[in-house]
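What the coordinates show
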Amino acid sequence: MNWFWLSVLALLCWSGSDLFSKLGCRDPDDKTSHLKMVVAVGLIMGLHALVEVAVQGVEINFHILWVYLPVSLLYILSMAIGYVGLRYIELSISSPICNASGALVALATLITAGLGSITGLQLGAMLLVCAGVIGLGVVDLHEDEAARAARQSLSNYKYARSLVALLLPVLYCVLDAAGTFADSLVLQTLDEDSANVAYELTFLAAGCVCFVILLCKRQKFTFHQEWPKYTGACFETAGQLAYIYALADSEHVALSAPIISAYCMASVLWSRLFLKEKLSWKHYLMIVIAILGIVLLGLADGLSGDV
């Protein structure tokens with residue numbers, strides 16, 4: 001049953017990362033919060049990478065770093081853009097959109113390898129995700145301003161209708177999907193543990209660059225403002241570890257993949273409980289459709305992995 005608890009842990013950690021990243025990046029007056037978030041994640045991931053190399057003996061060298069660099073940059077850029085988006089849109093809207101990247105990967109596979117490379121379940125799940133995400137955007141853009149103000153009255157933060165705010169998680173989704181698709185190609189020649197360490201060390205380098213930029217901008221760091229970012233970074237790194245080990249149990253991939261894929265459902269729940277975000281029934285209907293498609297994609301991926 002280790003696969004089950006690791007899958008649940010990945011779900012809780014990644015949804016926790018969503019929650020604390022939102023807490024750390026939602027201040028509309030802090031225009032550098034995304035850079036501070038990259039610093040936090042880079043530091044925590046860098047420390048973990050050093051432990052992996054020193055204690056676990058994971059192989060890492062310049063060649064591995066260089067080969068995996070394009071994939072790392074796609075992932076890091078997508079996350080940085082996602083952190084920017086958290087200033088302008090509810091987590092309960094952005095998380096399902098961001099997590100729809102699996103549908104784009106399936107679409108990229110369909111385009112490059114043909115219809116025979118995708119199962120009926122994957123195709124149906126992909127259509128559900130696309131319908132849910134597009135519907136979510138349409139509902140949010142066409143929502144009456146009075147209704148929006150009424151449902152946001154309990155929250156401390158108000159979000160105006162904005163196409164740009166919706167496009168930021170969509171851009172995250174596209175870049176993350178590109179990273180995942182490139183990942184599947186690069187990992188044919190690299191060890192997974194080495195690739196993960198390369199990604200974490202590249203994130204550390206990105207964090208150092210962002211830290212220098214913040215120093216040049218004379219930005220101040222206070223514990224009250226920064227602790228959610230580092231908590232989110234710890235959850236992100238722990239979730240990545242749990243994800244890797246959960247899927248390492250190849251006999252139960254068909255069960256663990258859909259559990260992990262449902263983490264955005266937990267993110268929506270946390271945003272309602274802790275951030276007091278309240279959406280309309282139309283929003284929640286589109287979210288349910290998107291999450292159903294995401295879970296089915298995870299199930300389809302697990303089943304294909306068992307074959």
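Refer to the structure presented above.
Residues numbered from 1 in each chain as written. Predicted model: local features only at pLDDT ≥ 70, side-chain atom pairs only at ≥ 80, totals over all residues. Heavy atoms only, no water.

A closer look at the pattern of salt bridges
Selection rule: The rule for a salt bridge is simple: a side-chain nitrogen of Lys or Arg has to be within 4 Å of a carboxyl oxygen of Asp or Glu. Numbering of helices and strands runs from the N terminus; a helix is a DSSP stretch of H or I covering at least four residues, while a strand is a stretch of E covering at least two. Buried residues are those whose accessible area, probed at 1.4 Å on protein chains only, stays under 20% of the maximum for their type, while exposed residues exceed 50% and partly exposed ones sit between those limits.
A complete count under the given rule lists 3 salt bridges for this structure. Note that Lys 36 is salt-bridged to Glu 226, the shortest N-O span being 3.9 Å. Note that Lys 36 is positioned in helix H2 (residues 33–54) and Glu 226 in helix H10 (residues 223–248), a separation of 190 residues in sequence. Glu 226 matches Lys 36 in its accessibility class, with the two residues each being buried. Here Glu 226 and Lys 229 are joined by a salt bridge, their closest N and O atoms 3.5 Å apart. Taken together, the positions of Glu 226 and Lys 229, both in helix H10 and 3 residues apart, correspond to about one turn of that helix. Of the two residues, Glu 226 and Lys 229, neither departs from the other in class, the shared state being buried. Among the charged side chains, a salt-bridge network with shared partners connects Asp 30, Lys 36, Glu 226 and Lys 229.

Focus: the environment of Phe 235
The criterion, for reference: Contacts: residue pairs with any heavy atoms within 4.5 Å of one another.
Position of Phe 235 relative to the elements: it lies in helix H10. Under the relative-accessibility criterion, Phe 235 is labelled partly exposed at 28%. Sequence-wise, Phe 235 and Gly 16 are 219 residues apart; in three dimensions their C-alpha atoms are separated by 6.1 Å. Aside from chain neighbours lying at most four places away, what touches Phe 235 is Cys 13, Trp 14, Gly 16, Ser 17 and Phe 20.

Concerning H2
Defined as follows: By this rule the span expected of a helix is its residue count minus one, scaled by 1.5 Å.
In a regular helix each residue adds 1.5 Å, so 22 residues correspond to 32 Å; H2 covers 32 Å between its end C-alpha atoms and thus fits that length. Of all 22 residues that make up H2, 16 are buried, and the element is covered over most of its length.

Points about the nonpolar core
For clarity, the cut-off: Note on terminology: a nonpolar core comprises buried Ala, Val, Leu, Ile, Met, Phe, Trp, Tyr and Cys residues joined through side-chain atoms within 4.5 Å.
By size, the foremost hydrophobic cluster in this structure holds 34 residues, and its most contacted members are Val 38, Val 41, Tyr 68, Met 79, Tyr 83, Tyr 199 and Phe 203. Contributions of two or more residues to this core are made by helix H1 (2–25), H2, helix H3 (62–85), helix H4 (91–98), helix H8 (163–186) and helix H9 (192–216). Ranked by size, the runner-up nonpolar core spans 24 residues in total, among them Leu 166, Met 286, Ala 290 and Ile 291.

None of the figures reported here should be taken as evidence of function without further support.
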